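Tertiary structure, described
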Amino acid sequence: MNYLKYSFCFLFFSYFCTMKATIINIGDELLIGQVVNTNASTMARLLTGVGIEVVRTEVIGDNRQDIWDAVDKAINTTDAVLLTGGLGPTKDDITKHLLCEYFGSELYENEEALNNVKRIFKARGYELTEVNRRQAWVPRCCQVLNNDLGTAPCMWFERGGKVLVSMAGVPFEMEWLMNNRVLPRLQHHFRTGAILNKNILVQGIGESFLSDLIEPWELALPSFIRLAYLPVAGMVKLRLTARGNDETLLQEAIDKAVSELYPIAGQYIVGEDCETLPELVAQKLTSAGCTLAVAESCTGGTIASRLTALAGASAYFKGGIVAYSNEVKECALGVSHDTLAAHGAVSEETVRQMVDGVRSRLDSDYALATTGIAGPTGGTPDKPVGTVWIAACSRNTTVTQLMHYGDRRQQTIDRTVNQAYAMLIRLLCQKD
């Protein structure tokens, strides 16, 4: 394939679009790991989606000098700086005061911000205190972007063509502000190009083996398409990222690259355009109009919980049974006592009866079942820790697989869950 026109697209983008951003998340609770910093990943995904390149993310504690240094470095090296956190009304929330000083301004009570605080307090039935009224005090040099979901205003600063945006650290407030206030203004303020991402979910081959397999294809990718390997338990997500000025040309190039990958690694590709296997399972079950039930022993309900965490799961998920003991396997799933006595709970015979039992009892189109030794104890010479049997079935077909995952309990559970999803996806694809 001649990539000349796509290469021109990339060069044009590189020359005219140099929009780069730094993300700074503020808070001691983030720095010490007390709270998981989901803001960074969400903000990076949203920025990348509108063609803004994120070159750095930082987590800074509630320390004035550290925040000052991080802001100063970011604003001098990138076009836009996006901050979260430190905007509350208490004394440890110092971001607003620091930014006021940094930009050589003064605080004043902003009427729009005050009305927003009053509206929220009235809606919640709270009395507005003097401490909370301080939320409406902002640097005079900033533009207030109203935060409909919270009392901390979003503040937009400009200096020398650079932009700094300070937002609340509450994740749902931040995401709403990014989508409704910040991103539209950034796109208008800066000339942004196009960035397209393509996810390919690969299962059944390790990352290093996959890399060796597709190396010639990877080396042949045009310069404006980057490939990232994102391994998780029992799966590798390949992410293609194309940058350029013409979205149509980028899409054509990505589609061509993906079509050239299938003859090489198609046997391991289970899906596209989803972030996770549960999302892919949900998509395929929904499009097929089919239902699923699960019977779990060693995974303890993890298969079910990851599916029901997705909105709309009730349309395709019938239910699940956590059959941890042999008694529950017998009474709830109909596993034969003789089977358990002769072959044990961790056996192909048992997992077959588990998957058939849950499908018939819950009257689903498909079913999954797991039984194994997650560890770190309970193994035997014949069935060491990490031994797992997995089954997937439709109304007409049952497939099983024996896996050996080693002695790390959580890794065994995660790998078993993803393997079960992959087996189900392949059954669904056979139907297609």
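Going along each chain's sequence as written, the residues are numbered from 1 onward. In view of the model being predicted, local features appear only for residues whose pLDDT reaches at least 70, and side-chain atom pairs are presented and counted only at 80 or more, with totals across whole chains, interfaces and linings using the full set of residues. Side-chain metrics in this entry use all non-hydrogen atoms of the structure; hydrogen atoms and water are not considered.

1. Some thoughts on the packing of aromatic side chains
- Here a Phe, Tyr or Trp ring, Trp counted by its six-membered ring, pairs with any other such ring whose centre lies within 6.5 Å, and the pair is stacked when the planes are under 30 degrees apart, edge-to-face when over 60, and tilted otherwise. The full count for this structure, using the stated rule, is four aromatic pairs.
- Residues Tyr-102 and Phe-103 carry aromatic rings whose centres are separated by 5.3 Å and whose planes lie at 80° to one another, so their mutual orientation is edge-to-face.
- A simple rule labels every residue: compare its accessible area, found with a 1.4 Å probe on the protein chains alone, to the largest value its type can have, and call it buried under 20%, exposed over 50%, or partly exposed in between. Residue classification places Phe-103 among the buried positions, given a relative accessible area of 14%.
- The interplanar angle of 10° and the centroid separation of 4.6 Å between the aromatic rings of Phe-103 and Phe-157 together place this pair among those described as stacked. Here Phe-157 lies in strand E7 (residues 154-159) and Phe-103 lies in the loop between helix H5 (95-102) and strand E4 (107-109), a separation of 54 residues in the sequence.
- Following the ring pairs from residue to residue traces out a cluster consisting of Trp-68, Tyr-102, Phe-103 and Phe-157.
- We note Arg-185 situated over the ring of Trp-156; from NZ or CZ to the ring centre the distance is 4.5 Å. Secondary structure counts use DSSP, requiring at least four H or I residues in a row for a helix and at least two E residues in a row for a strand, with both numbered from the N terminus. Whether a charge sits over a ring depends on NZ of Lys or CZ of Arg being within 6 Å of the ring centre and within 35 degrees of the ring normal.

2. Description of the nonpolar core
- The biggest cluster of nonpolar side chains holds 36 residues, and the ones touching the most others in it are Leu-292 and Leu-368.
- With nine residues, the single largest contributor to this core is helix H16 (residues 409-431).
- The contact criterion used throughout is that any non-hydrogen atoms of two residues lie within 4.5 Å. Setting aside its immediate chain neighbours within four residues, Leu-368 contacts Leu-292, Ala-293, Val-294, Ala-295, Ile-303, Val-355, Val-358, Ala-391, Ala-392, Ala-420, Tyr-421 and Leu-424.
- For our purposes a nonpolar core is just a set of buried Ala, Val, Leu, Ile, Met, Phe, Trp, Tyr and Cys residues, chained together by side-chain atoms within 4.5 Å. Listed in part, the 26 residues of the second largest apolar core include Ile-26, Ala-136, Phe-157 and Ala-168.

3. Observations regarding the pairing of strand E8 (residues 162-167)
- Burial within E8 is extensive, with five of its six residues counted as buried.
- The pairing of strand E3 (residues 80-84) with E8 spans five bridges and is parallel. By the bridge assignment, Val-81 is partnered in E8 with Leu-164.
- Here the rule is simple: two strands pair whenever DSSP picks up at least two bridges between them. Sheet topology places E7 next to E8; five bridges connect them, and they run antiparallel. Each residue of the ladder has a partner; that of Glu-158, found in E8, is Val-163.

4. Re the pairing of strand E14 (residues 317-322)
- Sheet topology places strand E13 (residues 292-296) next to E14; five bridges connect them, and they run parallel. Looking at E14, one finds that Ala-295 is bridged to Ile-321.
- Regarding topology, helix H12 (residues 302-308) serves as the crossover connection from E13 to the parallel E14, and that connection is right-handed. Orient the strands so they point away from the viewer; a crossover is then right-handed if the path from the first strand over the helix to the second runs clockwise.

5. Quick look at the sheet that holds strand E15 (residues 366-372)
- The mixed open sheet is built from five strands, whose spatial order is E14-E13-E15-E16-E17. On the outer flanks of this sheet lie E14 and strand E17 (398-404), each paired with one strand and no other. Averaged over neighbouring strand pairs, the angle between their axes works out to 10° when direction is ignored.
- Where E13 meets E15, five bridges bridge the pair, whose relative direction is parallel. Bridging from a neighbouring strand, Val-294 pairs with Leu-368 of E15. Inter-axis angles, ranging from 0 to 180 degrees, are taken between N-to-C directions of lines fitted to C-alpha atoms, where helices are fitted over the stretch in contact.

6. Comments concerning the sheet that holds strand E9 (residues 194-203)
- The strand order across the open sheet built from four strands is E10-E11-E9-E12, with neighbouring strands paired in antiparallel fashion. Both outer strands of the open sheet, strand E10 (225-232) and strand E12 (269-272), are each paired with one neighbouring strand and no more. Ignoring which end each strand starts from, the neighbouring axes of this sheet average 25° apart.
- Where E9 lies against strand E11 (residues 235-244), 10 bridges are found, and the strand directions are antiparallel. Bridge pairing links Leu-201 to Lys-237 in E11.
- Where helix H10 (residues 247-265) meets the sheet, it contacts E9, E10, E11 and E12, and its direction lies at approximately 15° from that of E9.

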